[in-house]
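Here is what each chain is made of, one letter per residue.
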Amino acid sequence: MLGSVVVAAALFSVAGVGVSSFIKSPAQAAADKAAPPPSVLSAVLEKRVLKDTVTVRGMVTADQSVPVTGAAAGPAGGGAKPVVTKVNVKAGEAVAAGRVLVETSGRPVFALQGALPVYRDLKPGATGQDVAQLQQALAALGHRTGSDAKGTFGPGTKTAVQAFYAAIGYDVVPADPQDKERLEGAQTAVTQADRALTTARESWEAAKNGAAAGQTTPTPGRTDGSATGSGGGATPGPKGSTGGGADPVKESRRAMDYAWEDLSKARTKLAEVQAAAGPMVPAGEVVFLKGFPARVDAVTAVVGAAVGEKLLTVSAGDLVVRGALAQHEKGLVRQGQKVQILSELSGVRATGTVFSVADAPTAPQGQGGPQDGAQGGAAAGGSAQGYQLVVKPDGVLDVSLAGQDVRVTVEAAASSGPVLSAPVSAISAGADGRTSVTVLAGNGTKRRVEITAGMSADGFVEIKAAAGGQLAEGEKVLVGENPGAGAGSRPGR
């Protein structure tokens, strides 16, 4: 009986608890229906260096990029179209000055150092800056040009060209295919003129000696040495007399003078032929690059294929980064600003400075433009349309970065040092135009502080408390309030 009473009491207790969970006071019911308290979003005031940046994409290219066409300089033979006969380099390879890059129809295409693009065949007798550049490039490879004047393709330069071609294993190309015949003809003319002078000199000497000995001179119409008189006898004239004819001494002297003039002309002609004869450097066999080692960017040549517009592309000089700025970015970027360079592909980071910003927008350009006209200047590297930007790295970039697309971050402006900063969303402006931040105290109270805003960058603003206000690093400021999702909702919905 007692046990039954205990069980019944327990059942009634459980039932009471269950019923009480569904019975609420009016105050509790109102509280349940109210919106949840708003959540406060805050940020901590901190000191940081503010940097306003402009980020664009850029391409790593060399200061100079040159397409190699390799048109055969020597005759291919029988009018045959030139073909590629050797490819001596591969993409990504470093090449030194004097290296033969490719061979077309048995003729070499080599690289020499120089900033001036080749625009003509360099032949004996030529003068100019391009000749001086050739002389300097040959001398750097150990082939001196002797006593030749700077910029004059003389005998010393001929010797240097012959030595260079021999060093790379090729015969020289004559400046004129008829050089041999022209030389032989000019030398023959000199020999003949020299012999004629010798004969004339001998005649003059004989005439002088005859005049000195008192020998008569045949008069016109006679060949036996006698003079013609009325009685038919020989009448010797006075010593030195010419018998009324021309003076043999003067005539022979005049003939000798003519012979001297002929010999002088023949020798001058021979000198001209000799100066113009000899080896030349065909424009199609040389590529001038600003610096070495150079790099092979791309190779399209295939042995046996006809020579096309471009066999390969080589680049030289320091690596730079080229990009393009939009209209709204151009005004923020100036020469000398600091730059951060990042290759997402390799993770390599580097620093640099803005070298130049174009004044006018340009259309997109492909990589490997012409070199300063004939052989290309700095390649555009596939830069996008816009205001062209050139960034020079502070150090030497790794060669592996050549041709890579990288991220370029320009520090358009920066604070002089760490400044007290707050998120832009923490700044509020009143109807009176004054700006302020709301400081959150530890006890939940709020304090509004009027501020003066400075530069902004990366979502932060430099702030200073106005007169009478106070702000400190580490304080929390109000960024925003979330009124909660329960406002206006009903239980069970």
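Everything discussed here concerns the structure shown above.
Bear in mind the structure is a predicted one, so any value in this text is a computation, not a measurement.

Rules used throughout
- Residues numbered from 1 in each chain as written.
- Predicted model: local features only at pLDDT ≥ 70, side-chain atom pairs only at ≥ 80, totals over all residues.
- Heavy atoms only, no water.
- Helix = DSSP H or I, 4+ residues; strand = E, 2+ residues; numbered from the N terminus.
- Buried < 20%, exposed > 50% of the residue type's maximum accessible area, 1.4 Å probe, protein only.
- Contact = heavy atoms within 4.5 Å.
- Areas by Shrake-Rupley, 256 points an atom, 1.4 Å probe, with all protein chains shown as cover.
- 1 Å grid on protein atoms, 1.4 Å probe; cavity = no way out; pocket = protein on both sides within 12 Å on 5 of 7 lines; lining within 4 Å.
- Points joined across faces, edges and corners; volume = space filled by probe spheres on them.
- Nonpolar A, V, L, I, M, F, W, Y, C, P; charged D, E, K, R; others polar.
- Polar contact = N/O pair within 3.5 Å; in protein donor to acceptor, adjacent residues only side chain to side chain.
- Expected span 1.5 Å × (residues − 1).
- Phe/Tyr/Trp six-rings, centres within 6.5 Å; stacked < 30°, edge-to-face > 60°.
- Lys NZ or Arg CZ within 6 Å of the ring centre and 35° of its normal.

A.B. asks: I'm lost on the overall build of the protein chain in this one. Help?
C.D. replies: A count of helices and strands for the protein chain gives 7 helices and 22 strands. A burial count over the protein chain gives 35% of its 493 residues as buried. Put simply, 73% of the contacts in the protein chain that link residues at least 6 apart link residues at least 24 apart. For the protein chain, the computed accessible surface area is about 27,300 Å², with 55% contributed by carbon and sulfur atoms.

A.B. asks: I would appreciate a short explanation of the layout of surface pockets in the present structure.
C.D. replies: Gaps left between atoms are located by rolling a probe of water-molecule size over the structure's atoms. Each pocket or cavity is described by its volume, and for the largest pocket that value is around 200 Å³. Around the largest pocket, the lining residues are Ala-94, Gly-291, Phe-292, Pro-293, Arg-295, Gly-317, Asp-318, Leu-319, Val-396, Leu-397 and Val-399. The element contributing the most residues to the lining of the largest pocket is strand β12 (residues 312-325), with 3 residues. For the lining of the largest pocket, the residue count by class is 7 nonpolar, 2 polar and 2 charged.

A.B. asks: Would you explain the environment of Thr-445 in this entry?
C.D. replies: The topology assignment puts Thr-445 in the loop between β19 (435-440) and β20 (446-457). With sequence-adjacent residues up to four places away left out, Thr-445 is seen in contact with Val-439 and Leu-440. Within the local environment of Thr-445, its side chain forms a polar contact with the side chain of Asn-443, the two groups lying 2.7 Å apart.

A.B. asks: Just checking my understanding: could you explain helix α6 (residues 248-276) for this structure?
C.D. replies: Note that an α-helix has 3.6 residues per turn; residues three or four places apart therefore point the same way. Between its first and last C-alpha atoms α6 spans 42 Å; for 29 residues at 1.5 Å apiece the expected length is 42 Å, and the two agree. What α6 keeps buried is the set Ser-252, Met-256, Ala-259, Leu-263, Ala-266, Leu-270 and Val-273. Considering only its buried residues, α6 is in contact with α5 (179-213). The N-cap of α6, judged by a side-chain oxygen 3.0 Å from the amide nitrogen of Val-249 a few residues on, is Asp-247.

A.B. asks: Please explain the packing of aromatic side chains as it appears in this structure.
C.D. replies: Any two aromatic rings considered together are summarised by their centre-to-centre distance and by the angle between their planes. With the rule as written, the count across this model stands at 3 aromatic pairs. Seen in terms of ring centroids, Phe-164 and Tyr-165 are 5.9 Å apart; in terms of plane orientation they differ by 80 degrees. Their pairing is edge-to-face. By relative accessible area, which is 1% here, Tyr-165 ends up buried. Each member of the aromatic cluster is reached from another via a ring pair, and the members are Phe-110, Phe-164 and Tyr-165. In this arrangement the basic side chain of Lys-208 is found over the ring face of Trp-204, its NZ or CZ atom lying 3.7 Å from the centre. The ring of Trp-204 is capped by Arg-253, whose NZ or CZ atom sits 4.9 Å from the centre of that ring.

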